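Inside the fold
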Amino acid sequence: MAEPPLAVRRRSRLGSAPKRSRPPAGPSAACSPLALKRANTGGEGVPAQRPYCNDSEEDMFGDYNSFCEDDSLLAQVLDTEHTRPRDAETDVKAAGEFVLEGLPSGIDQRKQDNSSASETGVICGGDTEHGFQTPENDPLDNKEDLGDSLLDELPSSQLLYFAEMRQPSTGSERSAGTKKIDMSKCSSLDKIWRASSPCPDSEHKNRSTEFSSDLKSDSCKNTSLKDHLKNALTENAKAQTLKVSKTKQLKEAILSEEICVARKAIGSSSVDIGPFYGLPSKVKDLFWQLRGIETLYEWQHDCLTLECLQQRKNLIYSLPTSGGKTLVAEILILQELLCMQKDVLMILPYVAIVQEKVWGLSNFGIELGFLVEEYAGSKGRFPPIKRRCKKSLYIATIEKGHMLVNSLIETDRIGDLGLVVVDELHMLGEGSRGATLEMTLAKILYTSKSTHIVGMSATLNNVGDLQKFLQAEYYTKNFRPVELKEYIKIRDTIYEVDSKAENGFTFSRLLNFKYSSNLKKADPDHIIALVTEVIPKYSCLIFCPTKKNCENVASMVCKYLNKEFRSHREKEKQDLIKDLKNIGNGSICPVLKQTIPFGVAYHHSGLTNDERKSIEEAYSRGVLCLLACTATLAAGVNLPARRVILRAPYVANDFLKKNQYKQMIGRAGRAGIDNAGESILIVQEKDKHLVQDLVTSPLENCYSNLLPEFTKIAVTQEEVYNFLCHTLLGVQQQLLSKEKSLSELVKDGLESLIEKGLLTVKIMEKDQNSKTALAITRLGKAAYKGSIDLSYCNLLYKELKKGLEGLVLESSLHLLYLATPYDMVSNCSPNWMIYLRQFNQLSAAEQTVADMVGVPESFIAKKASGQAIRKNVDSASVNRLYLTFILYTLLKETNIWSVSEKFNLSRGYVQNLLTSAASFASCVLHFCEQELEEFWVYKALLTELTKHLTYCVKTELIPLMEVAGVLEARAKQLYNAGYKTLAHLANANPETLVKTIEHLSRRQAKQIVSSAKMLLTEKAEALQEEVELLLKVPTDIPGTS
Ligand SMILES: Nc1ncnc2c1ncn2[C@@H]1O[C@H](COP(=O)(O)OP(=O)(O)OP(=O)(O)O)[C@@H](O)[C@H]1O
Ligand SMILES: [Mg+2]
């Protein structure tokens, strides 16, 4: 075997380290709603924690490297996987080429049974994107006779789905899930469009005929729709330049008139609220063109027409995974932006999901004339720029959403926010991030009566508490467009999860496989048998408890896969390998190199963002058919998966929680991508009873994580108390804090803040009555603005102050130290030899930095040579400086691969450090910026540093990487192809991009162009606003009246 992957080497080293304890709240756990250290959530065990999160990174349940104690069965499994393949490899070599005996390989099956493909209606293998057939009698044929350009807009996974829908089939041949879809296509959904289409206004009637909004009528209309869509797309293509054509002006005039009418209709709060839920019919067209969504589900219509929404009441809605919750939220957002003319904040759990959404909604922004602004990592302005005409949709992570709300409250602009949408509302119960979310929502509720809150989730239980907290109505429906069948596997038996059965499962079938004795040893859990039932024809995800386990599973499966798997989409797999090599500047992880030819890969936080993106894209296109992943892929993602396998009912060491389980299995059978889905949980006999509880128990409750926090809104102790009464903690106080009442908690909390110098008490004299009031100190305000965790804001102040006495500016090292995130320090264990080597490479001036921050050279040297140390040196400073060295090397070399090798760390870890540092640097910048005048010098320095950390690439690539979704590898390609500025990208022709940039699909090209256009518009608007402000004649010029 080739040299073990760096990532694996590092992981084994980390694996031996003690399991991470709960991390301190990230700096952007914003003015620290101090996390309440509850021992369990809903009696289901300690909530798994994310390792560090300056901003939401992707692993949902943690970044564990090891999950088993030596004596656990899982440890043995892990061990078997780790060691057996090697034994087996020897066996393979001894016995010549090993072929999996008698396994129902997807390829073999496909060969034997061509009809099965058409029976289930799935186009497999080959060129699915061009493999459409339009059977004459297909009832769907006319309306789905899409133009090529229209199809190009759709995700390729959805193309596959459309192709499938077009296969000739009889009712009996279809699966239950398909039947459901068909039924819905012919029934009430039809009415929904029709009902929503007509507009009382005659102009709208004309327009709606012109745009043929009833997509399902006769073929004549279909032709006109097709023509219209083609025209619209041609128009879009033409509109690449910033010149305003007459047609465009006309279109805009029509659109703005429609918006105007819709706004009036909404204003009059009539039940009929316009052509498309109060929105121009263009919106409906856009959902079709950009998402392939033609009709709303019945529940979506019901939900959108709820009376409480018309009365602008808050709403929580809950539907199973893949129920289509996002579309409802998006329509509500568009109503708010276009009809109510208010800004909107959308809060999503992770950076990657925010970026995906920015990317996905930029097109809508360009077409409908609003701005989409990204608030994630170090991106986002506080307070946001006040726009003259256009409204803004802020798409934010939990942390940045909190900062944004803080800044709007601070500047008295919170009323500008008409709507706040929270996706994955159950995150309220997740540690310090949940506390931050709770604080954000509580502040909005307290300060702005006109801001409307809408939250959604698939996994809520104690909705009553949440409703009370959010003063919200509740809508729920047990609807999943694609049926999801749940199974568990014990030994070689598959049981179906059945809530009606006594113990929760009923026998389904015996697993059909024939294993050699070697294979039995290597794969005791029959993973290969389970995956080869579906791949490569369909896609499959295997959730594994740890990162290491993902890699082992991927390798093990490939060792025993039939050789024919290699020939499936061979060229595209080679391209993917080439792509990954480019990303790694010539290096590729040996595990991926070995597995990708079989269409298999792993996916976890040890990969760099670029690698992750490439792998996800290849998987959605069907080039890869199996991903072994951690919970990274569990929440909110829309990837194809006919089957989801849970390799064990564990996330790291912890037994799976019900909502984790539901989120993971919910990735199977996504609407619009697949027409069936199933999950199989692999269970060991010893865990059988726990799993019975898991599948039969209700979802966990969502509990507040908030401890009393000083507030910027209330000024007296009573007001603070009052404020807290309106939080989820207030609702659940008797349950969560039995020993202390809420007022005692408030008193303690305030005392601790006063002690920390963040609050002071003032006596207010009013009408001869004196009253004590709380006042926030400068430090308190700075911590609030920077969203600095209160547990280390004093330390940060002290260190920045000390820096003023002699900041070493020969290089960025000293400044970097000050921006190195505190919350990663406790998890860092330096390699002393590397530490010393790095220290020795510093210039004399740089070496003095170490001394200044309290890490003497002698300490590092002694540690490296293994000598005893008598001197007391603060280990936090030592660790922090080590992290600074990594960051410093990264900024110099801008190559994650070589730096991770230098420091013997996984590239994912290095990338996470960089992302955290960028985010923390921006927090420190906001900390210094306004309140603490003594830190004026840091403003300029940290602005630049944040930018460098955010992109960590050669300066010339930065303008391209500002565009959502353009990562380093893509930026390099674009730059080399001559697209050197944002304007180049915004005015690029997507067709030319596809031709000149390798591995860029038409859909991606269009998204890049629209994101670039959005960013350019946003920047131009900001400058125009500045100009206007500058030229505005003051009304109070002395001497003029
Ligand atoms: N009316 C519709 N017609 C066809 N497809 C739809 C419709 N509504 C949503 N979809 C598609 O269904 C898929 C799943 O929708 P969505 O992501 O909103 O699910 P969700 O309810 O948010 O699930 P999760 O809880 O897992 O995040 C998406 O691909 C979306 O485009
Ligand atoms: Mg969702």
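The preceding data block contains the structure.
This section reports on the structure supplied with the text. Because the structure is predicted, anything quoted here is derived from the model rather than measured.

About the thresholds
Residues numbered from 1 in each chain as written. Chains lettered and ligands numbered in written order. Predicted model: local features only at pLDDT ≥ 70, side-chain atom pairs only at ≥ 80, totals over all residues. Heavy atoms only, no water. Helix = DSSP H or I, 4+ residues; strand = E, 2+ residues; numbered from the N terminus. Buried < 20%, exposed > 50% of the residue type's maximum accessible area, 1.4 Å probe, protein only. Contact = heavy atoms within 4.5 Å. Axes fitted to C-alpha atoms, helices over the stretch in contact; angles between N-to-C directions. Parallel < 35°, antiparallel > 145°, perpendicular 65-115°, else oblique. Left-handed = near helix turned anticlockwise from the far one by under 90°. Nonpolar A, V, L, I, M, F, W, Y, C, P; charged D, E, K, R; others polar. Pairing = 2+ DSSP bridges. Core = buried A, V, L, I, M, F, W, Y, C linked by side-chain atoms within 4.5 Å. Right-handed = clockwise from strand over helix to strand, strands pointing away. Near = heavy atom within 4 Å. Polar contact = N/O pair within 3.5 Å; in protein donor to acceptor, adjacent residues only side chain to side chain. Areas by Shrake-Rupley, 256 points an atom, 1.4 Å probe, with all protein chains shown as cover. Phe/Tyr/Trp six-rings, centres within 6.5 Å; stacked < 30°, edge-to-face > 60°. Patch = residues over 30% accessible without salt bridge, like charges linked within 9 Å, V, L, I, M, F, W, Y side chains within 5 Å. Salt bridge = Lys/Arg side-chain N within 4 Å of Asp/Glu carboxyl O. Expected span 1.5 Å × (residues − 1).

**Digging into the overall build of the chain**
- The helix and strand tally for the chain stands at 45 helices and 19 strands.
- Every one of the 1041 residues in the chain was classed for burial, and the buried ones make up 59%.
- Counted over contacts in the chain with a minimum sequence separation of 6, partners at least 24 positions apart contribute 75%.

**Some words on the packing of helix 39 (residues 907–929) against helix 40 (residues 936–951)**
- In the contact formed by helix 39 and helix 40, the axes pass within 9 Å of each other and the chain directions differ by 160°. The pairing of helix 39 with helix 40 is recorded here as roughly antiparallel in orientation. Our pair here, helix 39 against helix 40, has a crossing hand that is left-handed. Of the residues in helix 40, those touching helix 39 at L914, A917, A918, A921, S922, V924, L925, C928 and E929 are Y938, K939, L942, T943, T946, L949 and T950.
- Residues of the contact of helix 39 with helix 40, tallied by class, amount to 10 nonpolar, four polar and two charged.

**What about the pairing of strand 1 (residues 314–318)?**
- The element strand 1 is extensively covered by neighbouring structure, given that five of its five residues are classed as buried.
- Here strand 1 shows two buried faces, one formed by N314, I316 and S318 and the other by L315 and Y317.
- Relative to strand 7 (residues 472–476), strand 1 runs parallel, the two being bridged by five bridges. Within strand 7, the position partnered with I316 by the bridge is Y474.
- Where strand 1 meets strand 6 (residues 452–457), four bridges bridge the pair, whose relative direction is parallel.

**So, the sheet that holds strand 13 (residues 626–629)**
- One open sheet holds the eight strands; their spatial order is 10-9-8-17-14-11-13-12, and the pairing between them is mixed. Two strands in the sheet have a free side with no partner beyond their single neighbour: strand 10 (505–510) and strand 12 (600–603). Neighbour-to-neighbour, the strand axes of this sheet turn through a mean angle of 25°, independent of strand direction.
- Bridge analysis of strand 8 (residues 484–490) against strand 17 (residues 677–683) gives seven bridges, and the strand direction is parallel.

**Some points on the sheet that holds strand 5 (residues 417–422)**
- The seven strands lie next to each other as 3-4-2-5-6-1-7, forming an open sheet whose pairing is parallel. In the strand order of this sheet, the two ends are held by strand 3 (371–375) and strand 7, each with one partner. The sheet shows a mean angle of 15° between the axes of neighbouring strands, taken without regard to direction.

**Some details on unusual backbone geometry**
- With omega at -10°, the peptide bond leading from F382 into P383 counts as cis.
- P536 follows I535 through a cis peptide bond whose omega is -5°.
- Topologically, P536 is positioned in the loop between helix 21 (527–532) and strand 11 (540–543).
- Positioned with a positive phi, Q341 is a non-glycine residue whose angle comes to about 55°.
- Structurally, Q341 can be placed in the loop between helix 15 (325–339) and strand 2 (343–347).
- Backbone geometry places S787, a non-glycine residue, at a positive phi of 55°.
- Tracing the sequence through the fold places S787 in the loop between helix 31 (778–786) and helix 32 (793–804).

**Some remarks on the nonpolar core**
- Within the largest apolar cluster, 118 residues are counted, with the highest numbers of intra-cluster contacts made by L441, F927 and L949.
- Broken down by element, the residue count for this core peaks at 13 residues, all from helix 39.
- Beyond its immediate stretch of four places on either side in the chain, L949 contacts L816, L887, L891, L914, A917, A918 and A921.
- I490, V553, L580 and I680 belong to the second largest nonpolar core, which has 79 residues in total.

**A word on the pairing of strand 6**
- Buried residues dominate strand 6, accounting for six of its six residues.
- Going residue by residue along strand 6, you find H452, V454 and M456 tucked away on one face and I453, G455 and S457 tucked away on the opposite face as well.
- For the crossover that starts at strand 5, traverses helix 18 (residues 431–447) and ends in the parallel strand 6, the hand is right-handed.

**Topic: the site of ligand 1**
- Looking at ligand 1, there are 20 residues lining it, with T295, S322, K325, T326 and R670 nearest.
- Within the side chain of Y297, an N or O atom sits 3.3 Å from a nitrogen atom of ligand 1.
- In this structure, a nitrogen atom belonging to ligand 1 sits 3.0 Å away from a side-chain N or O atom of Q300.
- Taken by itself ligand 1 offers 640 Å² of open surface, and the protein chains cover 90% of this.

**Regarding the packing of aromatic side chains**
- Inspection of every chain in the model, using the stated rule, returns 21 aromatic pairs.
- Residues Y797 and F935 carry aromatic rings whose centres are separated by 5.2 Å and whose planes lie at 50° to one another, so their mutual orientation is tilted. Taken together, the residues Y797 in helix 32 and F935 in the loop between helix 39 and helix 40 connect sequence positions 138 residues apart.
- Between Y882 and F903, the ring centres sit 5.7 Å apart and the planes meet at 75°, which makes this aromatic pair edge-to-face. Taken together, the residues Y882 in helix 37 (residues 875–893) and F903 in the loop between helix 38 (896–902) and helix 39 connect sequence positions 21 residues apart.
- Taking relative accessible area as the criterion, F903 reaches 1% and is therefore assigned buried.

**Observations regarding a nonpolar patch on the surface**
- Nonpolar side chains collect at one region of the surface, where V1027, L1030 and L1031 lie side by side and expose about 350 Å² of accessible area between them.
- Using a relative accessible area of 64% as the deciding quantity, one classes L1031 as exposed.

**Re the pattern of salt bridges**
- Going through the model one piece at a time under the given rule, you end up with 32 salt bridges.
- The salt bridge involving E330 is made with R291; its shortest N-O contact spans 2.6 Å. Note that E330 is positioned in helix 15 and R291 in helix 12 (residues 281–291), a separation of 39 residues in sequence.
- E330 sits in the buried class, given a relative accessible area of 3%.
- We note a salt bridge from K390 to E1021, for which the minimum N-O separation is 3.8 Å. Of this pair, K390 sits in the loop between strand 3 and strand 4 (392–396) while E1021 sits in helix 45 (residues 1002–1031), placing them 631 residues apart in sequence.
- Here K390 falls in the partly exposed class, since its relative accessible area comes to 23%.
- On the basis of relative accessibility, which here comes to 9%, the residue E1021 falls in the buried class.
- Shared partners join several salt bridges into a network, and the residues in it are E373, R381, R387 and E1018.

**Here's the deal with helix 30 (residues 742–755)**
- Relative to the 20 Å expected for 14 residues at 1.5 Å per residue, helix 30 spans 20 Å between its end C-alpha atoms, a close match to the ideal helical length.
- One or two positions beyond helix 30, positive phi appears at G757, with a value near 80°.

**Examining the environment of S811**
- Assignment of secondary structure puts S811 in the loop between helix 32 and helix 33 (813–818).
- Judged by relative accessible area, which is 18%, S811 ranks as buried.
- Dropping the residues within four chain positions of it, S811 is found in contact with E846 and Y888.
- Polar side-chain contacts of S811 include one of 2.7 Å to the side chain of E846.
- A distance of 3.3 Å separates the side chain of S811 from the side chain of Y888, its partner in a polar contact.

**Concerning helix 26 (residues 658–665)**
- Of all eight residues in helix 26, seven are buried; the element is thus mostly enclosed.
- Among the residues making up helix 26, those that are buried are K658, N659, Q660, Y661, Q663, M664 and I665.

**Some thoughts on the side chain of N675**
- Turning to its location among the elements, N675 is positioned in the loop between helix 26 and strand 17.
- Residue classification places N675 among the buried positions, given a relative accessible area of 6%.
- Polar side-chain contacts of N675 include one of 3.2 Å to the side chain of R642.

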